[in-house]
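Here's the letter readout for the chains.
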Amino acid sequence: MRLLIVEDEKRLALSLARGLTAEGFAVDVVHDGPSGLHRAGEGTYDLVVLDIMLPGMNGYAVCAALRAAGNEVPILMLTAKDGEYDEAEGLDTGADDYLTKPFSYVVLLARVRALLRRRGAGAAPVLRVGELAVDRAAYRVRRADVEIALTAREFAVLEQLAVRAGEVVSKADILEHVWDFAYEGDPNIVEVYVSALRRKLGPGLIETVRGAGYRLVDRG
């Protein structure tokens, strides 16, 4: 999943980005409202973590502008403000959840995962493809009755394939959602992770569609 953090406190933003990246998310960071609106408006994010007190344009205005444009990306608002009226204003402008600073990182991570699970049918907590089960809430993978240990990045690549099981998923799509916006390394890194998944999951589950990408298939 690809996340955008819009937060002007640079140390906090960096800390959140590091933590979420370690959990397997691809994370981009901007530090002001107009940049946040521009990036979020590109439509490539699965969730936005949005501070309210931002330079250039506050979080309420960013959220309202995204919703007015028909952008339904889940938004988790962060603020140093406290009080039911501030929370109500955030939710009334279209935010999906609200967290007051200071907050526990563990709680933020739980809120992020909960919002991602709510996105619709494609966000079911457990994705099943034949005998393969990908538990997005517990970050666990099983094939038949055997649990398979994956790294956070391996899990993120498999999740992208499982969400679109039976469809061809391009390298570009995987890179966009598993690695961050600034990634400038070898795009063949996707092949490395797919090869690792094939070794761990066993043969036949991940097909290569030459020149197009990869497809996760049901082998029973």
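To be clear, the structure that these remarks concern was listed above.
Here the residue numbering is sequential within each chain, running from 1 through the sequence in written order. Only residues with pLDDT of at least 70 get local features here, since the model is predicted, and only at 80 or more are side-chain atom pairs given and counted; chain-wide, interface and lining totals rely on the full set of residues. Side-chain numbers come from the whole structure's heavy atoms, not from hydrogens or water.

A few points about the packing of helix α6 (residues 152–163) against helix α8 (residues 189–201)
Only the stretch in contact is used when a helix axis is fitted, and all axes are lines through C-alpha atoms; the angle between N-to-C directions ranges over 0 to 180 degrees. Put simply, DSSP marks the helices as runs of H or I at least four residues long and the strands as runs of E at least two long, and each gets a number from the N terminus on. Two elements in contact, α6 and α8, have axes separated by 10 Å at closest approach and are oriented at 90 degrees. Classified by the angle between their axes, α6 and α8 sit roughly perpendicular to one another. Facing Arg153, Glu154, Val157 and Leu158 of α6, the residues of α8 in contact are Tyr193, Val194, Ala196, Leu197, Lys200 and Leu201. Under this grouping Gly is polar, as are all residues other than the nonpolar Ala, Val, Leu, Ile, Met, Phe, Trp, Tyr, Cys and Pro and the charged Asp, Glu, Lys and Arg. Of the residues assigned to the contact of α6 with α8, the class counts are 7 nonpolar, no polar and 3 charged. Geometric relationships in this document are graded by angle, where less than 35 degrees denotes roughly parallel, more than 145 denotes roughly antiparallel, 65 to 115 denotes roughly perpendicular, and other angles denote oblique. Contacts are assigned to residue pairs that have any heavy atoms within 4.5 Å of one another.

A word on the pairing of strand β4 (residues 75–79)
Summarising burial for β4: 5 of the 5 residues are buried, a large majority. Residue burial is assigned from relative accessible area. The probe radius is 1.4 Å, only protein chains are included, and a residue is buried under 20% of its type maximum, exposed over 50%, and partly exposed in between. Side chains Ile75, Met77 and Thr79 project from β4 onto one buried face, and the interleaved Leu76 and Leu78 project onto a second face that is buried too. Looking at chain direction, strand β3 (residues 47–51) and β4 are connected through 4 bridges and run parallel. Within the sheet, the bridge partner assigned to Asp51 lies in β4 and is Leu78. Viewed with both strands pointing away, a crossover whose connecting path from the first strand over the helix to the second turns clockwise is right-handed. Regarding topology, helix α3 (residues 59–68) serves as the crossover connection from β3 to the parallel β4, and that connection is right-handed. We call two strands paired when DSSP finds no fewer than two bridges between them.

Observations concerning the sheet that holds strand β1 (residues 2–6)
Taken together, the 5 strands give an open sheet; going across it, the order is β2-β1-β3-β4-β5, and neighbouring strands pair in parallel fashion. Across the chains shown, the open sheet's two edge strands, defined by having one partner strand only, are β2 (26–30) and β5 (97–100). Within this sheet the neighbouring strands show an average axis-to-axis angle of 20 degrees, counted without direction. Sitting on the sheet, α3 touches β3 and β4, and the angle it makes with β4 is about 165 degrees.

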